[in-house]
Amino acid sequence: MDFKACIFDLDGVITDTAHYHFLAWQRLAHSLDIEFGLTDNDRLKGVGRMESLEFILAKSARAFSDSEKEQLAHQKNEDYKDLIREISPADMLPGIIPAFDWLKGRGVKVGLASASRNAPVVIKGLGIADVFDYVADAGTIPNGKPAPDIFLDVANAFGLDGHECIGVEDAAAGVTAIKAAGMRAIGIGDRDVLAHADIVLAKTDRLLSEGLERI
Ligand code: BG6
Ligand code: MG
């Protein structure tokens with residue numbers, strides 16, 4: 001083990017909120033008579049709110065004004081917040097707490113690099129806000145994933161270079177961001193979608209034994 005920090009994505013890695021983002025976007029798309037399925041959603045994982053909205057609206061023949069877009073993004077976020085209202089420690093994905101314990105036991109810094117402005121609420125609900133040595137503020141990061149900015153922001157906060165850090169992501173855009181930051185990547189999900197990761201695991205349950213202990 002030769003890394004000094006492990007930087008986690010949140011949605012779809014630590015908890016299954018990726019599914020709630022999908023449900024909220026799908027509801028919005030259907031209200032506008034736009035088709036939106038799981039394959040479309042793979043493109044949006046890790047992608048910020050307004051950029052995701054633009055992707056969905058591009059599938060419509062209609063044009064939308066800036067104020068309509070603001071209203072639609074607000075509506076999606078209200079629906080998403082309803083879905084996460086009761087999030088609790090029971091919503092942690094398997095294997096994440098053991099991974100945190102293992103990292104902490106070795107003095108490895110633990111960071112959060114989520115594109116979501118709801119991340120602070122989610123980690124509080126999960127009861128893990130204290131685990132992180134640094135949480136990136138998505139609102140202050142110039143360029144979203146697949147740009148490396150958010151992962152580099154966390155590395156900078158730790159005073160580390162990219163090659164001293166690893167990142168854990170479920171999104172293709174996120175894996176690209178980690179690699180662009182000069183870090184090693186563990187992907188969680190589909191091997192074809194996350195082809196550029198150094199290690200891909202189907203689920204989080206073996207993150208420690210097949211991911212962190214091997215990378
Ligand atoms: C990412 C999710 O973590 O955050 C995306 O993978 C989401 O689906 C993005 O669009 C922004 O989230 P929010 O909560 O700020 O709208
Ligand atoms: Mg994610």
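For clarity, every value in this text was computed on a predicted model and none was experimentally measured.

*Asks:* Which parts of the structure should I look at to understand the overall build of the chain?
*Replies:* Counting its regular elements, the chain contains nine helices and six strands. Radius of gyration (C-alpha) of the chain: 17 Å, near the 17 Å computed for a compact globule of 215 residues. For the chain, the C-alpha atoms occupy an extent of roughly 55 × 35 × 30 Å along the three principal directions. Within the chain, the fraction of its 215 residues that count as buried is 50%. Accessible surface for the chain amounts to roughly 10300 Å². Of this, 47% is attributable to carbon and sulfur atoms. For the chain, the separation between the mean place of its 23 positive charges and that of its 34 negative charges on side chains is 2 Å.

*Asks:* Looking at this structure, I do not really get the coordination of the magnesium ion (ligand 2). What am I missing?
*Replies:* When four donors bind a metal tetrahedrally, each ideal donor-metal-donor angle is 109.5 degrees, and when six bind octahedrally, the ideal angles are 90 or 180 degrees. Donor atoms from the polypeptide that coordinate the magnesium ion (ligand 2) comprise Asp9 (OD), Asp11 (O) and Asp170 (OD), at 2.0 to 2.1 Å from the metal. Here the donor residues of the magnesium ion (ligand 2) share one chain and are spaced in sequence as D-x1-D-x158-D. Residue Asp11 is located in the loop between strand E1 (5-8) and helix H1 (17-31), and its partner Asp170 is located in the loop between strand E4 (165-169) and helix H8 (172-180); the two are separated by 159 residues in the primary sequence.

*Asks:* Just checking my understanding: could you explain the packing of H1 against helix H3 (residues 49-57) for this structure?
*Replies:* Here H1 crosses H3 at 40 degrees, and the two axes come no closer than 11 Å. Classified by the angle between their axes, H1 and H3 sit oblique to one another. At the point where H1 passes H3, the crossing takes the right-handed sense. The residues of H3 that touch H1, namely those facing Trp25, Leu28 and Ala29, are Arg49, Ser52, Leu53 and Ile56.

*Asks:* Before we go on, may I ask you to explain the environment of Ala197 in this structure?
*Replies:* Here Ala197 is to be found in the loop between strand E5 (184-188) and strand E6 (199-201). Separated by eleven residues in sequence, Ala197 and Ile186 have C-alpha atoms that sit 5.7 Å apart. Sequence-distant contacts of Ala197, defined by excluding residues within four places in its chain, comprise Val175, Ala185, Ile186 and Gly187.

*Asks:* Just checking my understanding: could you explain the layout of surface pockets for this structure?
*Replies:* In this structure, the largest pocket spans a volume of roughly 670 Å³. Listing elements by their share of the lining of the largest pocket, those giving two or more residues are H1, helix H2 (38-44), H3 and helix H4 (66-83). When residues in the lining of the largest pocket are grouped by element, the largest group, five residues, is from H4. Tallied by class, residues from the lining of the largest pocket come to eleven nonpolar, twelve polar and ten charged. Its volume calculated, the second largest pocket comes out at about 320 Å³. What lines the second largest pocket is a set of 16 residues, among which Gly12, Asp16, Ala18, Lys45 and Asp170 lie closest to the centre. If you list the elements that add at least two residues to the lining of the second largest pocket, you get H1 and H2.

*Asks:* Just checking my understanding: could you explain the side chain of Lys145 for this structure?
*Replies:* For Lys145, the location among the structural elements is in the loop between strand E3 (134-135) and helix H7 (149-158). For Lys145, the side chain forms a polar contact with the side chain of Asp9, separated by 3.2 Å. A distance of 2.7 Å separates the side chain of Lys145 from the side chain of Glu169, its partner in a polar contact. Not counting the four nearest positions on each side in its chain, Lys145 is found in contact with Asp9, Gly46, Ala113, Ser114, Ala115, Ile150, Phe151, Glu169, Ala173, Gly174 and Ala177.

Calculation rules
- Residues numbered from 1 in each chain as written.
- Chains lettered and ligands numbered in written order.
- Predicted model: local features only at pLDDT ≥ 70, side-chain atom pairs only at ≥ 80, totals over all residues.
- Heavy atoms only, no water.
- Helix = DSSP H or I, 4+ residues; strand = E, 2+ residues; numbered from the N terminus.
- Rg over C-alpha atoms; globule rule 2.2 N^0.38 Å.
- Buried < 20%, exposed > 50% of the residue type's maximum accessible area, 1.4 Å probe, protein only.
- Areas by Shrake-Rupley, 256 points an atom, 1.4 Å probe, with all protein chains shown as cover.
- Lys, Arg positive; Asp, Glu negative; His and termini not counted.
- Charge placed at Lys NZ, Arg CZ, Asp CG, Glu CD.
- Donors = N, O, S within 2.8 Å, 3.2 Å for Na, K, Ca; no water.
- Axes fitted to C-alpha atoms, helices over the stretch in contact; angles between N-to-C directions.
- Parallel < 35°, antiparallel > 145°, perpendicular 65-115°, else oblique.
- Left-handed = near helix turned anticlockwise from the far one by under 90°.
- Contact = heavy atoms within 4.5 Å.
- 1 Å grid on protein atoms, 1.4 Å probe; cavity = no way out; pocket = protein on both sides within 12 Å on 5 of 7 lines; lining within 4 Å.
- Points joined across faces, edges and corners; volume = space filled by probe spheres on them.
- Nonpolar A, V, L, I, M, F, W, Y, C, P; charged D, E, K, R; others polar.
- Polar contact = N/O pair within 3.5 Å; in protein donor to acceptor, adjacent residues only side chain to side chain.

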